[in-house]
Amino acid sequence: MRRLSSFNITGLILGYAFLYIPILTVVILSFNESMLVTTWTRFTLKWYRSLLENEGLIDAVFASLKIATMTATLAVILGTLAAVTMVRFGAFKGRTLFSGLISAPLIMPDIMTGLAMLMMFVSTEQLIGWPSHRGVMTIAIAHITLATAYVYLIIQARLSDFDRSVEEAAQDLGARPTKVFLVITLPMIAPSLISGWLLAFALSLDDLVIASFLSGPGATTLPMLIFSSIRLGVSPEINALASIIVFIISIGVLIAGLITWRRQR
(Lines give C-alpha, C1' and ligand atoms only; values in the text may rest on other atoms or scores of the structure.)
Protein backbone atom coordinates (compact mmCIF):
# COMPACT_ATOMS: atom_id res chain seq x y z
CA MET A 1 0.00 0.00 0.00
CA ARG A 2 1.35 3.39 -1.01
CA ARG A 3 2.03 5.75 1.88
CA LEU A 4 0.97 9.39 1.84
CA SER A 5 3.71 11.97 1.68
CA SER A 6 4.00 14.75 4.25
CA PHE A 7 2.78 17.23 1.63
CA ASN A 8 -0.38 15.21 1.02
CA ILE A 9 -1.00 14.80 4.74
CA THR A 10 -0.57 18.54 5.30
CA GLY A 11 -2.94 19.34 2.46
CA LEU A 12 -5.47 16.85 3.82
CA ILE A 13 -5.31 18.36 7.32
CA LEU A 14 -5.69 21.91 5.98
CA GLY A 15 -8.59 20.88 3.78
CA TYR A 16 -10.50 19.21 6.60
CA ALA A 17 -9.71 22.12 8.91
CA PHE A 18 -11.08 24.58 6.36
CA LEU A 19 -14.29 22.56 6.12
CA TYR A 20 -14.95 21.58 9.72
CA ILE A 21 -13.45 24.25 12.00
CA PRO A 22 -16.24 26.76 11.15
CA ILE A 23 -18.85 24.08 11.90
CA LEU A 24 -17.13 23.19 15.17
CA THR A 25 -17.00 26.89 16.06
CA VAL A 26 -20.76 27.22 15.58
CA VAL A 27 -21.35 24.20 17.82
CA ILE A 28 -19.08 25.57 20.56
CA LEU A 29 -20.69 29.03 20.44
CA SER A 30 -24.13 27.49 20.87
CA PHE A 31 -23.07 26.68 24.46
CA ASN A 32 -21.69 30.17 25.14
CA GLU A 33 -23.73 32.24 27.58
CA SER A 34 -22.68 35.49 25.91
CA MET A 35 -24.39 36.66 22.73
CA LEU A 36 -21.06 37.95 21.42
CA VAL A 37 -19.12 35.52 19.25
CA THR A 38 -15.85 37.14 20.31
CA THR A 39 -16.36 36.64 24.04
CA TRP A 40 -16.62 33.35 25.90
CA THR A 41 -18.17 33.60 29.33
CA ARG A 42 -19.35 30.21 30.54
CA PHE A 43 -21.09 27.03 29.46
CA THR A 44 -24.90 27.14 29.22
CA LEU A 45 -27.84 25.42 27.59
CA LYS A 46 -30.15 28.43 27.70
CA TRP A 47 -29.99 29.01 23.94
CA TYR A 48 -31.41 25.54 23.32
CA ARG A 49 -34.27 26.30 25.73
CA SER A 50 -34.75 29.67 24.07
CA LEU A 51 -34.83 27.96 20.68
CA LEU A 52 -37.81 25.85 21.72
CA GLU A 53 -39.66 29.02 22.77
CA ASN A 54 -38.93 30.91 19.54
CA GLU A 55 -42.13 30.31 17.58
CA GLY A 56 -40.97 32.24 14.51
CA LEU A 57 -37.83 30.16 14.17
CA ILE A 58 -39.66 26.89 14.79
CA ASP A 59 -42.30 27.81 12.18
CA ALA A 60 -39.55 28.59 9.66
CA VAL A 61 -37.92 25.21 10.32
CA PHE A 62 -41.16 23.30 9.80
CA ALA A 63 -41.98 25.33 6.68
CA SER A 64 -38.56 24.53 5.21
CA LEU A 65 -38.88 20.84 6.09
CA LYS A 66 -42.37 20.69 4.57
CA ILE A 67 -41.24 22.34 1.34
CA ALA A 68 -38.09 20.20 1.14
CA THR A 69 -40.05 16.97 1.67
CA MET A 70 -42.59 17.87 -1.01
CA THR A 71 -39.82 18.93 -3.37
CA ALA A 72 -37.72 15.80 -2.91
CA THR A 73 -40.65 13.39 -3.28
CA LEU A 74 -42.16 14.95 -6.40
CA ALA A 75 -38.74 15.62 -7.96
CA VAL A 76 -37.84 11.93 -7.64
CA ILE A 77 -41.12 10.91 -9.29
CA LEU A 78 -40.84 13.40 -12.15
CA GLY A 79 -37.09 12.92 -12.59
CA THR A 80 -37.49 9.14 -12.75
CA LEU A 81 -40.26 9.38 -15.35
CA ALA A 82 -38.17 11.79 -17.42
CA ALA A 83 -35.08 9.54 -17.21
CA VAL A 84 -37.07 6.45 -18.21
CA THR A 85 -38.53 8.35 -21.16
CA MET A 86 -35.13 9.54 -22.39
CA VAL A 87 -33.31 6.23 -21.90
CA ARG A 88 -35.93 3.65 -22.82
CA PHE A 89 -37.95 5.27 -25.61
CA GLY A 90 -35.06 6.01 -27.97
CA ALA A 91 -35.55 8.65 -30.64
CA PHE A 92 -38.93 10.36 -30.67
CA LYS A 93 -40.30 13.62 -31.97
CA GLY A 94 -39.36 16.50 -29.70
CA ARG A 95 -36.66 14.54 -27.86
CA THR A 96 -34.08 17.34 -28.16
CA LEU A 97 -36.54 19.96 -26.95
CA PHE A 98 -37.62 17.72 -24.06
CA SER A 99 -34.01 17.14 -23.02
CA GLY A 100 -33.27 20.85 -23.15
CA LEU A 101 -36.30 21.74 -21.05
CA ILE A 102 -35.28 19.23 -18.37
CA SER A 103 -31.68 20.43 -18.21
CA ALA A 104 -32.37 24.17 -18.50
CA PRO A 105 -32.75 24.80 -14.74
CA LEU A 106 -29.21 23.49 -14.22
CA ILE A 107 -27.63 26.37 -16.13
CA MET A 108 -30.13 29.09 -15.27
CA PRO A 109 -29.01 31.45 -12.48
CA ASP A 110 -31.21 31.18 -9.41
CA ILE A 111 -32.15 34.84 -9.60
CA MET A 112 -33.43 34.37 -13.17
CA THR A 113 -35.36 31.26 -12.19
CA GLY A 114 -36.96 33.02 -9.25
CA LEU A 115 -37.89 36.06 -11.33
CA ALA A 116 -39.32 33.93 -14.14
CA MET A 117 -41.41 31.87 -11.73
CA LEU A 118 -42.64 35.03 -9.98
CA MET A 119 -43.79 36.53 -13.31
CA MET A 120 -45.50 33.27 -14.22
CA PHE A 121 -47.44 33.09 -10.96
CA VAL A 122 -48.45 36.74 -11.21
CA SER A 123 -49.72 36.12 -14.77
CA THR A 124 -51.66 32.99 -13.84
CA GLU A 125 -53.19 34.75 -10.85
CA GLN A 126 -54.49 37.49 -13.15
CA LEU A 127 -55.78 35.01 -15.72
CA ILE A 128 -57.32 32.20 -13.67
CA GLY A 129 -57.03 33.42 -10.09
CA TRP A 130 -54.42 30.85 -9.09
CA PRO A 131 -52.40 31.00 -6.96
CA SER A 132 -54.40 33.31 -4.74
CA HIS A 133 -51.27 34.08 -2.74
CA ARG A 134 -47.62 33.19 -2.74
CA GLY A 135 -46.39 30.85 -0.06
CA VAL A 136 -45.39 27.25 0.57
CA MET A 137 -46.97 25.93 -2.64
CA THR A 138 -45.33 28.44 -4.98
CA ILE A 139 -41.92 27.89 -3.38
CA ALA A 140 -42.34 24.12 -3.62
CA ILE A 141 -43.27 24.28 -7.32
CA ALA A 142 -40.16 26.33 -8.09
CA HIS A 143 -37.95 24.00 -6.07
CA ILE A 144 -39.43 20.95 -7.80
CA THR A 145 -38.63 22.50 -11.18
CA LEU A 146 -35.00 22.93 -10.16
CA ALA A 147 -34.55 19.67 -8.26
CA THR A 148 -36.09 17.53 -11.00
CA ALA A 149 -33.19 18.39 -13.28
CA TYR A 150 -30.65 17.10 -10.75
CA VAL A 151 -32.63 13.94 -10.02
CA TYR A 152 -33.02 13.31 -13.75
CA LEU A 153 -29.24 13.30 -14.26
CA ILE A 154 -28.70 10.82 -11.42
CA ILE A 155 -31.42 8.41 -12.57
CA GLN A 156 -30.45 8.70 -16.23
CA ALA A 157 -26.85 7.76 -15.43
CA ARG A 158 -28.06 4.69 -13.52
CA LEU A 159 -30.49 3.57 -16.22
CA SER A 160 -27.88 3.98 -18.93
CA ASP A 161 -25.71 1.30 -17.26
CA PHE A 162 -28.66 -0.87 -16.29
CA ASP A 163 -28.54 -4.57 -17.20
CA ARG A 164 -31.84 -5.08 -19.02
CA SER A 165 -31.43 -8.86 -19.22
CA VAL A 166 -33.13 -9.15 -15.82
CA GLU A 167 -36.16 -7.23 -17.11
CA GLU A 168 -36.23 -9.32 -20.27
CA ALA A 169 -36.15 -12.52 -18.22
CA ALA A 170 -39.12 -11.30 -16.16
CA GLN A 171 -41.04 -10.44 -19.33
CA ASP A 172 -40.27 -13.88 -20.78
CA LEU A 173 -41.84 -15.38 -17.66
CA GLY A 174 -45.05 -13.45 -18.32
CA ALA A 175 -44.65 -10.31 -16.22
CA ARG A 176 -46.27 -7.19 -17.61
CA PRO A 177 -44.09 -4.09 -18.26
CA THR A 178 -45.67 -2.20 -15.36
CA LYS A 179 -44.99 -5.03 -12.92
CA VAL A 180 -41.44 -5.42 -14.25
CA PHE A 181 -40.79 -1.74 -13.62
CA LEU A 182 -42.26 -1.79 -10.12
CA VAL A 183 -40.85 -5.14 -8.97
CA ILE A 184 -37.54 -5.36 -10.85
CA THR A 185 -36.40 -1.96 -12.06
CA LEU A 186 -37.28 0.27 -9.11
CA PRO A 187 -35.61 -1.92 -6.44
CA MET A 188 -32.43 -2.14 -8.54
CA ILE A 189 -32.18 1.63 -8.99
CA ALA A 190 -33.26 2.33 -5.39
CA PRO A 191 -29.80 3.68 -4.32
CA SER A 192 -30.01 6.26 -7.10
CA LEU A 193 -33.55 7.17 -6.07
CA ILE A 194 -32.42 7.68 -2.48
CA SER A 195 -29.43 9.75 -3.62
CA GLY A 196 -31.68 11.89 -5.79
CA TRP A 197 -34.16 12.35 -2.96
CA LEU A 198 -31.47 13.45 -0.52
CA LEU A 199 -29.92 15.82 -3.05
CA ALA A 200 -33.29 17.41 -3.86
CA PHE A 201 -34.08 17.71 -0.14
CA ALA A 202 -30.76 19.46 0.52
CA LEU A 203 -31.17 21.81 -2.45
CA SER A 204 -34.61 22.88 -1.31
CA LEU A 205 -33.66 23.22 2.35
CA ASP A 206 -30.66 25.38 1.46
CA ASP A 207 -32.30 27.67 -1.12
CA LEU A 208 -32.54 31.38 -0.39
CA VAL A 209 -32.76 33.25 -3.70
CA ILE A 210 -35.74 31.49 -5.30
CA ALA A 211 -37.67 31.35 -2.03
CA SER A 212 -37.15 35.09 -1.54
CA PHE A 213 -38.95 35.78 -4.83
CA LEU A 214 -41.85 33.41 -4.25
CA SER A 215 -42.53 33.61 -0.53
CA GLY A 216 -45.42 35.47 1.03
CA PRO A 217 -46.81 36.25 4.49
CA GLY A 218 -46.54 33.25 6.76
CA ALA A 219 -44.19 31.38 4.43
CA THR A 220 -40.75 32.33 5.67
CA THR A 221 -38.17 29.60 5.20
CA LEU A 222 -35.21 29.03 7.49
CA PRO A 223 -32.55 30.46 5.11
CA MET A 224 -34.70 33.58 4.64
CA LEU A 225 -35.09 34.03 8.39
CA ILE A 226 -31.36 33.62 9.02
CA PHE A 227 -30.44 35.99 6.19
CA SER A 228 -32.87 38.66 7.37
CA SER A 229 -31.57 38.51 10.95
CA ILE A 230 -27.88 38.50 10.04
CA ARG A 231 -27.82 42.29 9.79
CA LEU A 232 -28.36 42.44 13.55
CA GLY A 233 -25.87 39.66 14.18
CA VAL A 234 -26.34 35.92 14.29
CA SER A 235 -28.43 34.92 17.27
CA PRO A 236 -27.06 32.13 19.48
CA GLU A 237 -30.39 30.41 18.89
CA ILE A 238 -29.33 29.97 15.26
CA ASN A 239 -26.11 28.39 16.50
CA ALA A 240 -28.14 26.01 18.66
CA LEU A 241 -30.36 25.06 15.72
CA ALA A 242 -27.31 24.54 13.50
CA SER A 243 -25.77 22.31 16.16
CA ILE A 244 -28.89 20.17 16.28
CA ILE A 245 -28.87 19.82 12.49
CA VAL A 246 -25.18 18.89 12.52
CA PHE A 247 -25.86 16.27 15.22
CA ILE A 248 -28.73 14.71 13.24
CA ILE A 249 -26.68 14.63 10.03
CA SER A 250 -23.70 13.13 11.87
CA ILE A 251 -25.88 10.35 13.26
CA GLY A 252 -27.21 9.65 9.75
CA VAL A 253 -23.71 9.54 8.28
CA LEU A 254 -22.53 7.26 11.09
CA ILE A 255 -25.42 4.84 10.54
CA ALA A 256 -24.82 4.81 6.78
CA GLY A 257 -21.13 4.15 7.36
CA LEU A 258 -21.84 1.26 9.71
CA ILE A 259 -24.26 -0.30 7.24
CA THR A 260 -21.73 0.02 4.42
CA TRP A 261 -18.97 -1.44 6.60
CA ARG A 262 -21.09 -4.47 7.54
CA ARG A 263 -22.02 -5.10 3.91
CA GLN A 264 -18.37 -4.98 2.87
CA ARG A 265 -17.46 -7.51 5.55
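Below is a short write-up of the structure.

**Details of the overall build of the protein**
Next up, step 1: Broken down by element type, the protein carries 12 helices and 0 strands.
Next up, step 2: Order of helices (α) and strands (β) in the protein, N terminus to C terminus: α-α-α-α-α-α-α-α-α-α-α-α.
Next up, step 3: Considered along the principal axes of its C-alpha atoms, the protein spans approximately 70 × 65 × 35 Å.
Next up, step 4: Contacts in the protein between residues far apart in sequence, at least 24 positions, make up 69% of those at least 6 positions apart.
Next up, step 5: Only carbon and sulfur atoms are counted for the fraction: they give 69% of the accessible area of the protein, which is about 17,200 Å².

**Here's the deal with the environment of F31**
Next up, step 1: Here F31 lies in the loop between α1 (6-29) and α2 (46-53).
Next up, step 2: Sequence separation of F31 and I189 is 158 residues, and the distance between their C-alpha atoms is 43 Å.

**Remarks on the pattern of salt bridges**
Next up, step 1: Taken as a whole, this structure holds 3 salt bridges when the rule is applied.
Next up, step 2: The salt bridge involving R164 is made with E167; its shortest N-O contact spans 3.5 Å.
Next up, step 3: When salt bridges with common partners are traced through the structure, they connect R88, R164 and E167 into a single cluster.

**A word on the side chain of D207**
Next up, step 1: Within the secondary structure layout, D207 lies in the loop between α9 (190-206) and α10 (209-214).
Next up, step 2: R134 provides the closest opposite charge to the buried, salt-bridge-free D207, at an N-O distance of 13 Å.
Next up, step 3: In contact with D207, not counting residues within four places along its chain, are D110, H143, T221 and P223.

**Here's the deal with the nonpolar core**
Next up, step 1: Core analysis: the largest hydrophobic core is formed by 19 residues, its most contacted members being V151, Y152, I155, L159, I189 and A200.
Next up, step 2: Those elements that provide at least two residues to this core are α3 (55-88), α6 (136-160) and α9.
Next up, step 3: Ranked by residues supplied to this core, first place goes to α3 with 8 residues.
Next up, step 4: Aside from chain neighbours lying at most four places away, what touches I189 is I155, R158, L159 and F162.

**Observations concerning unusual backbone geometry**
Next up, step 1: W130 connects to P131 through a cis peptide bond whose omega is -5 degrees.
Next up, step 2: Looking at where P131 falls in the secondary structure, it is placed in the loop between α5 (110-128) and α6.

**Observations regarding the side chain of S215**
Next up, step 1: Within the secondary structure, S215 sits in the loop between α10 and α11 (222-229).
Next up, step 2: The exposure class assigned to S215 is buried, which follows from its relative accessible area of 16%.
Next up, step 3: Beyond its immediate stretch of four places on either side in the chain, S215 contacts R134, I139 and M224.

**Notes on α9**
Next up, step 1: For α9, built from 17 residues, the straight-helix expectation of 24 Å at 1.5 Å per residue is met to within 8% by its first-to-last C-alpha distance of 24 Å.
Next up, step 2: Turning to α9, its buried residues are S192, L193, G196, A200, F201 and S204.

**With respect to the packing of aromatic side chains**
Next up, step 1: Scanning the entire structure with this criterion turns up 6 aromatic pairs.
Next up, step 2: Both rings, one in F31 and one in F43, keep their centres 5.1 Å apart while their planes meet at 10 degrees; by these two values the pair is stacked. With a gap of 12 residues between them, F31 in the loop between α1 and α2 and F43 in the loop between α1 and α2 connect regions that are remote in the sequence.
Next up, step 3: Residue classification places F31 among the partly exposed positions, given a relative accessible area of 22%.

**Brief notes about the packing of α3 against α11**
Next up, step 1: Relative to each other, α3 and α11 sit at 140 degrees, their axes nearing to 8 Å. When the axes of α3 and α11 are compared, the pair comes out oblique. Residues G56, L57, A60, V61 and S64 of α3 form the contact with α11, whose participating residues are L222, P223 and L225.
Next up, step 2: Residue composition of the contact of α3 with α11, by class: 6 nonpolar, 2 polar and no charged.

**Description of a nonpolar patch on the surface**
Next up, step 1: On the surface, a nonpolar cluster with roughly 970 Å² of combined accessible area is contributed by L4, I9, L12, I13, Y16, F18, L19, Y20 and I23.
Next up, step 2: Here L4 is to be found in the segment before α1.
Next up, step 3: According to the relative accessible area criterion, L4 is exposed, its value standing at 57%.

**Quick notes on α11**
Next up, step 1: Within the span of α11, buried status applies to L222, P223 and M224.
Next up, step 2: In the core, the buried residues of α11 are packed alongside α3, α9, α10 and α12 (236-264).

**As for the packing of α1 against α12**
What describes two packed helices is the angle between their axes and the distance between those same axes.
Next up, step 1: For the pair α1 and α12, the least separation of the axes is 8 Å and the interaxial angle reads 120 degrees. Judged by the angle between their axes, α1 and α12 are oblique. The handedness of the crossing between α1 and α12 comes out as left-handed. Two secondary-structure elements touch here, α1 through I23, V26, V27 and L29 and α12 through N239, A242, S243 and V246.
Next up, step 2: Grouping the amino acids of the contact of α1 with α12 by side-chain chemistry returns 6 nonpolar, 2 polar and no charged.

Rules and cut-offs
Residues numbered from 1 in each chain as written. Predicted model: local features only at pLDDT ≥ 70, side-chain atom pairs only at ≥ 80, totals over all residues. Heavy atoms only, no water. Helix = DSSP H or I, 4+ residues; strand = E, 2+ residues; numbered from the N terminus. Contact = heavy atoms within 4.5 Å. Areas by Shrake-Rupley, 256 points an atom, 1.4 Å probe, with all protein chains shown as cover. Salt bridge = Lys/Arg side-chain N within 4 Å of Asp/Glu carboxyl O. Buried < 20%, exposed > 50% of the residue type's maximum accessible area, 1.4 Å probe, protein only. Lys, Arg positive; Asp, Glu negative; His and termini not counted. Core = buried A, V, L, I, M, F, W, Y, C linked by side-chain atoms within 4.5 Å. Expected span 1.5 Å × (residues − 1). Phe/Tyr/Trp six-rings, centres within 6.5 Å; stacked < 30°, edge-to-face > 60°. Axes fitted to C-alpha atoms, helices over the stretch in contact; angles between N-to-C directions. Parallel < 35°, antiparallel > 145°, perpendicular 65-115°, else oblique. Nonpolar A, V, L, I, M, F, W, Y, C, P; charged D, E, K, R; others polar. Patch = residues over 30% accessible without salt bridge, like charges linked within 9 Å, V, L, I, M, F, W, Y side chains within 5 Å. Left-handed = near helix turned anticlockwise from the far one by under 90°.

Fair warning: the whole summary comes from geometry, so function is off the table for now.
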